[in-house]
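If you want the building blocks of each chain, they are given just below.
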Amino acid sequence: MKQLGPLDKKAVVLAAVLLCVVLLVNLGVQPLRLEEPRRAMIAWEMMHPEGNLLVPTLTGDIYYNKPPVFNWLLILSFNLFNGPSEFAVRIISVLSFAGMVLLSFLAGRKYVGAQYGILLGLSFALASHILFVFAGLGEIDSFYSLVSLCSIFSIFYFFEKRQIWPLFLVSWFFAAVGMLTKGLPSVAFVALTLLACFIYKKQWRKLFHPASFAGGLLFLLIAGGYFYLYSLHGDPSGYLKQLLSESTQRTAAEKSFFQSVAHLFTFPPMLVGIAAPGSLLLIFCFRKGFWKDVRQNPFVEFCLIAFLVNIPVYWLSPGARPRYMYMLLPLMLAVFVWFYVTAGEQQRLKHRLYRGFVLGLCGLASVAPLALPFIPKLQFLLPQLWAQAALLSAGMAIVFVLLLKKKLNPVVALALVTFLARLGYGLTVLPGRAHEGNAHFHKQKALEVAKTINQAAVYRLDSSQIKFTTSFYLQAATGHILHNRLQPDSSAWYLVTKDRLPDQKHRVFMQWESEGRQTLLVRFSGE
């Protein structure tokens, strides 16, 4: 392919600015949903006067499923942004995704070249599964992926410098941080990458270097140190058992034979799909001399090896979800981008196919925003939606024309159009979710409960299952942890599901239904 021209370079700067903007547009407008309220609630309880920074709890009960590092980051964010707001919960994921994009760019630029680094960073930023969804959700996976990618890239960085001590110490340090973020997979990432790197380079004896044992010891000191401190407040055995269970519950051993076999075939397209449209560069990998071409650059060679040794962790796990493997996408895309930038004249047909496909996507995308004002659920955004739709369509059309005239690189053009599409998503879908939907419903019910009880303490009765969104907003509004009580008394407020309501005189102050379950706010009589 030809070098990026002056217009391409200006467009890259515009794309970088646009990416930063779209990740922040309406970031805090929609109520917490999916796993977000659970994460926020655990962090809020740890910083509560009744809580403990070392012991995660959920509605006052010990929470074993995830270690505390992400909770500590949320607590820091809550303090920086004046409380547990939606923005404070999500900004960590935004910064983590941006960090992965930047890390991919810097590594590519350092070890291959500036053009390669730019295209690698853009290709990863195009991963729609992250860009449109999880980069803007306050969940663990984006931050955990950043830590895991740092651990993998640090191995290559110090291996190239022949600095054996930092190599083992830094990689195992990141493994410890990952362990205290999400659990045991971090150990597998570092161990497998170290093994593959040193064995492939025929330097396996260095695996027994004192630095290797020092790295392992550092890992044990950090991870073990936390569990020792935890043991001063409670029994860590349940914690450790749950972490082991979390790491094995989605493996083939936990699924049927047919699920396991089906996963072997559905996994590759799923992996390419979550990286789309950046993964469209895959077509350039189908050529003779694949391995010979990969070996021309040590960084690309390392990325491929690291990807191949780590991907079976998820390929052989039928329960693995797409967001679990974000840290491996830059490794995969590093190979795709390498074959794209090194494709010569003999690959002219693939360049034409790729450019033609991108041109088609840009053309369709430039028309799509014009339909936004006619969508019934977006009518509340009128009349400003007309102007927003027109500007988005015009911006995409300009990119389409420049690509048609061959004045823009297809990857750069695709990035601009995709980021504009993400801007449209932020301007329409996110306010729509704030306007209606399950999360909005449960947030409103929580605020109504808080107003009804005048910010007093309220309890769950008999382990009633209250939606996490309701629980979080209720705790944040009242300042009280939603503890569970097995038996009611007349001195307190209770949230109880109808199936758990005891046969005892009571008064119902609020009642609502969601997903077939009725929840009541009640007080019991002392009679």
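Here, every reference points to the structure presented above.
Reading the values: the criteria
- Residues numbered from 1 in each chain as written.
- Predicted model: local features only at pLDDT ≥ 70, side-chain atom pairs only at ≥ 80, totals over all residues.
- Heavy atoms only, no water.
- Core = buried A, V, L, I, M, F, W, Y, C linked by side-chain atoms within 4.5 Å.
- Buried < 20%, exposed > 50% of the residue type's maximum accessible area, 1.4 Å probe, protein only.
- Contact = heavy atoms within 4.5 Å.
- Pairing = 2+ DSSP bridges.
- Helix = DSSP H or I, 4+ residues; strand = E, 2+ residues; numbered from the N terminus.
- Axes fitted to C-alpha atoms, helices over the stretch in contact; angles between N-to-C directions.
- Parallel < 35°, antiparallel > 145°, perpendicular 65-115°, else oblique.
- Nonpolar A, V, L, I, M, F, W, Y, C, P; charged D, E, K, R; others polar.
- Polar contact = N/O pair within 3.5 Å; in protein donor to acceptor, adjacent residues only side chain to side chain.
- Salt bridge = Lys/Arg side-chain N within 4 Å of Asp/Glu carboxyl O.
- Left-handed = near helix turned anticlockwise from the far one by under 90°.
- Patch = residues over 30% accessible without salt bridge, like charges linked within 9 Å, V, L, I, M, F, W, Y side chains within 5 Å.
- Areas by Shrake-Rupley, 256 points an atom, 1.4 Å probe, with all protein chains shown as cover.
- Phe/Tyr/Trp six-rings, centres within 6.5 Å; stacked < 30°, edge-to-face > 60°.
- Lys NZ or Arg CZ within 6 Å of the ring centre and 35° of its normal.

### Section: the nonpolar core
Grouped together as the largest cluster of nonpolar side chains are 159 residues, with contacts concentrated most on Phe-299, Leu-328, Leu-329 and Phe-419. Residues contacting Phe-419, with those up to four places away along its chain left out, are Ala-15, Leu-18, Leu-19, Val-22, Leu-122, Ala-125, Leu-126 and Leu-131. Membership of the second largest hydrophobic core comes to 8 residues, among which are Tyr-459, Ala-492, Tyr-494 and Leu-520.

### Let's talk about the sheet that holds strand E7 (residues 517-524)
Backbone-to-backbone hydrogen bonds join strands into a sheet, with any given pair of strands oriented parallel or antiparallel. The 5 strands are arranged E4-E3-E5-E7-E6 in an open sheet whose pairing can be described as mixed. Each edge of the sheet is formed by a strand with only one pairing partner; in this case those strands are strand E4 (484-485) and strand E6 (506-514). Direction of pairing for strand E3 (residues 458-461) relative to strand E5 (residues 493-497): parallel, over a ladder of 3 bridges. Following the sheet pairing, Arg-460 is matched in E5 by Leu-495. Relative to the sheet, helix H20 (residues 438-452) contacts E5, E6 and E7, its axis offset from that of E6 by approximately 170°.

### A closer look at the packing of helix H18 (residues 384-404) against helix H19 (residues 410-435)
Their axes nearest at 9 Å, the elements H18 and H19 cross at an angle of 175°. Relative to H19, H18 is oriented roughly antiparallel. Residue-level inspection shows Leu-385, Gln-388, Leu-392, Gly-395, Met-396, Val-399 and Leu-403 of H18 in contact with H19, the latter providing Pro-410, Ala-413, Leu-416, Val-417, Leu-420, Ala-421, Leu-423, Gly-424, Leu-427 and Thr-428. Residue composition of the contact of H18 with H19, by class: 13 nonpolar, 4 polar and no charged.

### Comments concerning the pairing of E7
Note on strand geometry: in a regular strand, side chains alternate between the two faces of the sheet. In terms of strand pairing, E5 meets E7 through 4 bridges, oriented antiparallel. Bridge pairing in E7 links Leu-495 to Leu-521.

### So, the environment of Thr-59
With respect to the helices, strands and loops of the structure, Thr-59 is situated in the loop between strand E1 (57-58) and strand E2 (61-62). Look at Thr-59 and you get buried, because its relative accessible area is 7%. Each C-alpha atom of the pair Thr-59 and Tyr-116 lies 48 Å from the other, and the pair is 57 residues apart in sequence. Sequence-distant contacts of Thr-59, that is, excluding residues within four places in its chain, are made with Met-41, Glu-45, Arg-460, Ser-471, Gln-475, Ile-481, Leu-482, His-483 and Asn-484. A polar contact is formed between the side chain of Thr-59 and the side chain of Arg-460, at a distance of 3.1 Å.

### Some words on the pattern of salt bridges
A full pass over the atoms with the stated rule returns 15 salt bridges. Glu-36 is the partner of Arg-90 in a salt bridge, and the nearest nitrogen-oxygen pair spans 2.6 Å. With Arg-90 in helix H4 (residues 86-111) and Glu-36 in helix H2 (residues 36-47), this pair connects stretches of sequence that are 54 residues apart. Each of the two residues, Arg-90 as well as Glu-36, counts as buried.

### Comments concerning the side chain of Ser-171
Here Ser-171 lies in helix H8 (residues 164-179). The exposure class assigned to Ser-171 is buried, which follows from its relative accessible area of 0%. Of the polar contacts made by the side chain of Ser-171, one reaches the backbone oxygen of Phe-168; its length is 3.3 Å. The residues contacting Ser-171, other than those within four sequence positions of it, are Ser-151, Ser-154, Ile-155, Pro-166, Val-190 and Leu-194.

### Focus on the packing of helix H9 (residues 185-200) against helix H14 (residues 298-310)
Interaxial distance between H9 and H14 falls to 9 Å at its minimum, and their mutual angle equals 130°. The angle between H9 and H14 falls in the class oblique. Seen along the crossing, H9 lies across H14 with a hand that is right-handed. Across the interface between the two elements, Ala-188, Phe-189, Leu-192, Thr-193, Ala-196, Cys-197 and Tyr-200 from H9 touch Glu-301, Phe-302, Ile-305, Ala-306, Val-309 and Asn-310 from H14. Looking at the contact of H9 with H14 residue by residue, the classes come out as 10 nonpolar, 2 polar and 1 charged.

### A closer look at a nonpolar patch on the surface
A cluster of nonpolar side chains, Phe-257, Phe-258, Val-261, Leu-264, Phe-265, Trp-315 and Leu-316, forms an exposed patch at the surface whose accessible area comes to about 790 Å². Counting residues per element, the nonpolar patch draws most heavily on helix H12 (residues 257-274), which supplies 5 residues. Positionally, Leu-316 belongs in the loop between helix H15 (312-315) and helix H16 (329-341).

### Some remarks on the environment of Leu-331
Looking at where Leu-331 falls in the secondary structure, it is placed in helix H16. The contacts of Leu-331, once residues within four sequence positions are left out, are Leu-149, Ile-152, Phe-153, Cys-303, Ala-306 and Phe-307.

### Quick word on the packing of aromatic side chains
Within a pair of aromatic rings, the relevant descriptors are the distance that separates the centres and the angle that separates the planes. Enumeration over the complete set of coordinates arrives at 31 aromatic pairs. Ring geometry for Tyr-226 against Phe-227: centres 5.2 Å apart, planes inclined by 70°, an arrangement best described as edge-to-face. Residue classification places Tyr-226 among the buried residues on the basis of a relative accessible area of 4%. Its relative accessible area of 10% is what places Phe-227 among the buried residues. Three or more aromatic residues joined by ring pairs form one cluster here, namely Tyr-111, Phe-153, Phe-156, Phe-299 and Phe-302. Taking NZ or CZ as reference, Arg-485 lies 3.8 Å from the ring centre of Tyr-459, over its face. Above the plane of the ring of Trp-493 lies Arg-523, whose end atom (NZ or CZ) is 4.8 Å from the centre.

### Comments concerning the environment of Glu-160
With respect to the helices, strands and loops of the structure, Glu-160 is situated in helix H7 (residues 140-161). Look at Glu-160 and you get partly exposed, because its relative accessible area is 34%. Taking the C-alpha atoms as reference points, Glu-160 and Phe-299, 139 residues apart in sequence, are found 9.3 Å from one another. Setting aside chain neighbours within four positions, we find Glu-160 in contact with Tyr-111 and Pro-298.

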